[in-house]
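Breakdown of the fold
If you want the building blocks of each chain, they are given just below.
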Amino acid sequence: MPTRANTLTTPPSSAEVAPQDGGAPTPPPSSPRRRPRASSRWPARLEIALLVGPAALFFVGFVIFPVAMAAYYGFFRWSGYGPATDFVGLQNYVVILTDPQFQEALGHNAFIVVASLVLQGPAAILLALLLNRRMRGQSLIRVLIFVPYVISEVVVGTGLSLMLQTQGALNGMLESLGLGTLAQDWLADPDIAIWTLMAILTWKYIGFAVILFLAGLQGIPEELYEAAALDGASFWQIQRRIALPLLAPTLRIWAFLSIIGALQLFDLVYIIWGQYIASTAGTSTMVTYMVANGRNAGAFGYGNAVAVVLFLISLVVALIYQRYVLRRDTDGALTDRPTR
């Protein structure tokens, strides 16, 4: 009787065995992904270096190097000619931080920062919401609002300094209208000059904020407005519930630019009030203080120290703002997720 041959059979792999419940077969475990060799990464690194190199070179040459040189000369009593040899250490910085004029200028900058946000922000948002609707002359109104921003600061400062003098056009117009009691010394009165400056800054820069907010409003889908209108929401309810929350990232960017610009304000103050009148009229800023007590006084070492202090103040404000305000906008854009 023939015997049956014993055969050796290999068990099926886990990839070939379907589960008992009729589901799809389980795929084999994936092997760990191999990292690219160092030699294969050189072309990408070279491409990045060629693209970033020129910009990084200009940044180092026109930002990092001047800041480093200003920090170096800030430790010397230097007249601007020849090598800096009279080393004074931190004396310039101690004088800056204890000088009442610098503290007054710093207070003016802080006031301008807050007043710019309070005055320009709501007015620009209101104008942007109104101009975002279809109306007659919409394009003309947008141009008229934006025109002051593109006019040179020299032209604006020179013209307004003539109009706002005691015998200028503004007081003359008030007197001709029978409102002579409202005529003021708009530029020299310390109680009025800072508000005159804020009115000029609001008129000059509100156009930029309006155009920026209009650009943000254009990015909001029209379907959201239509759905809210179908639910019976009024115009202002739609703006408060939909437009303003979605406009918040643009608003935060504008506020950051406004803060940095207010900290570095110089041209309009210097043109309208000058380096000496600004301090007596109560409109001096840190930059006008730097020019008056540094370059114009022949104390270039002291002026460089003021520039370093101004740079550090702006840097600290920018880092704090980015850390606590702009972080919600950058967390979604800057991710470190590995690619599959």
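Scroll up for the structure.
Cut-offs applied
- Residues numbered from 1 in each chain as written.
- Predicted model: local features only at pLDDT ≥ 70, side-chain atom pairs only at ≥ 80, totals over all residues.
- Heavy atoms only, no water.
- Core = buried A, V, L, I, M, F, W, Y, C linked by side-chain atoms within 4.5 Å.
- Buried < 20%, exposed > 50% of the residue type's maximum accessible area, 1.4 Å probe, protein only.
- Helix = DSSP H or I, 4+ residues; strand = E, 2+ residues; numbered from the N terminus.
- Contact = heavy atoms within 4.5 Å.
- Salt bridge = Lys/Arg side-chain N within 4 Å of Asp/Glu carboxyl O.
- Axes fitted to C-alpha atoms, helices over the stretch in contact; angles between N-to-C directions.
- Parallel < 35°, antiparallel > 145°, perpendicular 65-115°, else oblique.
- Left-handed = near helix turned anticlockwise from the far one by under 90°.
- Nonpolar A, V, L, I, M, F, W, Y, C, P; charged D, E, K, R; others polar.
- 1 Å grid on protein atoms, 1.4 Å probe; cavity = no way out; pocket = protein on both sides within 12 Å on 5 of 7 lines; lining within 4 Å.
- Points joined across faces, edges and corners; volume = space filled by probe spheres on them.

With 65 residues, the main nonpolar core has I112, L197, F213, L217 and W273 as its most contacted residues. Of the residues forming this core, the biggest block, 13 residues, is contributed by helix α7 (residues 190–218). Filtering out sequence-adjacent residues up to four positions away, L197 remains in contact with I112, L265, V269, W273 and T283.

This structure, assessed with the given rule, holds two salt bridges. E153 is paired through a salt bridge with K204; the nearest N and O atoms lie 3.6 Å apart. Taken together, the residues E153 in helix α5 (residues 153–163) and K204 in helix α7 connect sequence positions 51 residues apart.

This brings us to helix α12 (residues 286–295). An α-helical turn contains 3.6 residues, so any two residues separated by three or four positions project in the same direction. By the criterion of burial, α12 is predominantly enclosed, with eight of the ten residues buried. For α12, the set of buried residues is M286, V287, T288, Y289, M290, V291, A292 and G294.

To continue, consider the packing of α12 against helix α13 (residues 300–324). Between α12 and α13, the least distance of the axes is 7 Å, while the angle of their chain directions is 165 degrees. Here α12 lies roughly antiparallel to α13, going by the angle between them. You can see that α12 and α13 cross each other, and the crossing is left-handed. Here M286, V287, Y289, M290, N293, G294 and R295 of α12 lie close against α13, whose contacting residues are F300, Y302, G303, V306, A307, L310 and I313. Residues belonging to the contact of α12 with α13 are distributed by class as follows: ten nonpolar, three polar and one charged.

Looking now at the layout of surface pockets. The gaps of empty space that remain are located by a probe, the size of a water molecule, rolled over the atoms. Here the largest pocket is characterised by a volume of approximately 390 Å³. Lining the largest pocket are 16 residues, with N132, R133, R134, E222 and Y225 sitting closest to its centre. Where the lining of the largest pocket is concerned, the elements lending two or more residues are α4 (138–150), α7, α8 (222–230) and α9 (235–263). Here the lining of the largest pocket takes four residues from α8, the largest share from any one element. Of the residues contributing to the lining of the largest pocket, the split by class is seven nonpolar, four polar and five charged. The space that makes up the second largest pocket amounts to roughly 330 Å³. In this structure, the second largest pocket is lined by 17 residues; those nearest its centre are Y205, L257, S258, G261 and A262.

On to the environment of L144. On the secondary structure map, L144 appears in helix α4. Using a relative accessible area of 55% as the deciding quantity, one classes L144 as exposed. C-alpha of L144 to C-alpha of G207: the two residues are 63 residues apart in sequence and 8.5 Å apart in space.

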